Amino acid sequence: DSQHILLQQINEKLLQFYADNKPVVLLIDEAQVLSTDSLETLRLLTNFETRTAKLLQVVLLGQPELESKLNQFNLRQLKQRITFSCLIQAMNRQELDAYLFHRLAKAGHTFGNLFTRKACDLLYRRSKGIPRLVNILCHKALLVAYGRGEQQVKHQAVRLAAKDTEALDSVALSQASPSFSANLYFISIGSLLLASLLLGLLCYWLKIKTI
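Residues numbered from 1 in each chain as written. Predicted model: local features only at pLDDT ≥ 70, side-chain atom pairs only at ≥ 80, totals over all residues. Heavy atoms only, no water.

This part is about the overall build of the protein. Per the secondary structure count, the protein includes 10 helices and 4 strands. Tracing the protein from N to C terminus, the helices and strands come up as α-β-α-β-α-α-β-α-α-α-α-α-β-α. Taken over 211 residues, the protein has a buried fraction of 36%. When contacts within the protein are restricted to residue pairs at least 6 apart in sequence, long-range pairs at least 24 apart make up 81% of them. Roughly 12500 Å² of accessible area belongs to the protein as shown, and the carbon and sulfur atoms make up 56% of that amount. (Helix = DSSP H or I, 4+ residues; strand = E, 2+ residues; numbered from the N terminus. Buried < 20%, exposed > 50% of the residue type's maximum accessible area, 1.4 Å probe, protein only. Contact = heavy atoms within 4.5 Å. Areas by Shrake-Rupley, 256 points an atom, 1.4 Å probe, with all protein chains shown as cover.)

Right under this line is the structure:
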């Protein structure tokens, strides 16, 4: 279908949801990779409304490049429609401990310290508190501990994980600056999921149960 027909069909469907009192939210992750044409189409979607309400709420999540893209002159109309935005800063040392504790508890680990203090210190230094790098290093360090048959993740495992992560230092230094952020537009979203940590934790506990 042509874009005009497709937008008309979307509008009709949104009106049906609105009549049924079903709010619709569009979430787009890694929004910084969207082309200018795609972002302009997104602006057209925000035009769908009744006299009293918007038919579609849009949430954009992305890396710092998203902010630079939205600052382009030809996207000014889209940026003017942003009603709320926030920046997720890199975690400090205390926040990293809370982050690990929360994700491990969600995965079922509620007793003892799975990561030693020295492991957490090294994890913070190498990741610079950037959630995505924390996730990657934890995943790899858990696999190292599992392979060694160890019941705790030690700093040696984190060191090997960091060594196996290409360009870790350059990425951490560039994103740990004051401009580092994960950009969220329209609606604030909670902390990032530590999905990769879950897989490593499952492997780790399978090993413990066989000891």
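Following the structure, the description resumes.
Another point: helix α2 (residues 36-45). Leu39, Leu42, Arg43 and Leu45 are the residues of α2 that are buried. Within α2, the buried residues cover an arc of 155° as seen down the axis, which keeps them to one side. In this fold, the buried residues of α2 make contact with α1 (3-19), β1 (25-28), β2 (57-62), α3 (65-70) and α4 (76-79). (Arc of directions from axis to C-beta.)

This next bit is on the pattern of salt bridges. Evaluation of the coordinates by the stated rule reveals 7 salt bridges. In this structure, Lys140 and Asp164 form a salt bridge, with 3.1 Å as the shortest nitrogen-oxygen distance. Linking Lys140 in helix α7 (residues 131-148) with Asp164 in the loop between α8 (155-163) and α9 (168-175), this pair joins segments that are 24 residues apart in sequence. One continuous salt-bridge network, built from bridges that share partners, spans Arg93, Asp97, Arg117 and Asp121. (Salt bridge = Lys/Arg side-chain N within 4 Å of Asp/Glu carboxyl O.)

Our next topic: the state of the cysteines. In total, this model carries 0 disulfides according to the counting rule given. Not part of a disulfide, Cys120 finds its nearest cysteine sulfur in Cys138, a span of 7.8 Å. (Disulfide = S-S within 2.5 Å.)

What follows is about the side chain of Arg93. Note on placement: Arg93 falls in helix α5 (residues 93-106). The exposure class of Arg93 is buried, given its relative accessible area of 14%. Separated by 2.7 Å, the side chains of Arg93 and Asp121 make a polar contact. With near-sequence residues (within four places) excluded, Arg93 lies in contact with Arg117, Cys120, Asp121 and Tyr124. (Polar contact = N/O pair within 3.5 Å; in protein donor to acceptor, adjacent residues only side chain to side chain.)

Right, let's get into the environment of Val59. Within the secondary structure layout, Val59 lies in strand β2. In this structure Val59 comes out as buried when scored by relative accessible area, which is 1%.

Another aspect to go through is the nonpolar core. One recurring pattern in soluble globular proteins: nonpolar side chains tend to sit buried together. Core analysis: the biggest nonpolar cluster contains 22 residues, and Leu100, Phe115, Leu123, Val134, Ala141, Val153 and Val158 have the highest contact counts within it. Mapped by element, the contributors of at least two residues to this core are α5, α6 (117-127), α7 and α8. By residue number, the principal contributor to this core is α7, which donates 6 residues. In this view, Leu100 contacts Cys120, Leu123, Val134 and Cys138; residues no more than four positions away in its chain are not counted. Leu14, Phe48, Leu66 and Ile82 belong to the second largest nonpolar core, which has 18 residues in total. (Core = buried A, V, L, I, M, F, W, Y, C linked by side-chain atoms within 4.5 Å.)

Before going further, it helps to examine the packing of α5 against α7. The contact between α5 and α7 brings their axes to 12 Å, and the two run at 55°. By the angle class used here, α5 and α7 are oblique. The handedness of the crossing between α5 and α7 comes out as right-handed. Contacts between α5 and α7 involve Leu96, Tyr99 and Leu100 from the former and Val134, Asn135 and Cys138 from the latter. (Axes fitted to C-alpha atoms, helices over the stretch in contact; angles between N-to-C directions. Parallel < 35°, antiparallel > 145°, perpendicular 65-115°, else oblique. Left-handed = near helix turned anticlockwise from the far one by under 90°.)

Relative to the assigned elements, Arg43 resides in helix α2. Beyond its immediate sequence surroundings of up to four residues, Arg43 is in contact with Gln77, Leu78 and Arg81.

Turning our attention to the confidence of the model for the protein. Averaged over every residue, the pLDDT of the protein is 82; the share at 70 or more is 78%. For residues 186-199, every residue scores under 50 in pLDDT, and the model assigns this stretch 32 contacts once sequence neighbours within four places are set aside. Taken as a whole, residues 201-211 scores under 50 in pLDDT and shows 20 contacts with residues more than four places along the chain or in a different chain. (pLDDT = per-residue confidence, 0-100.)

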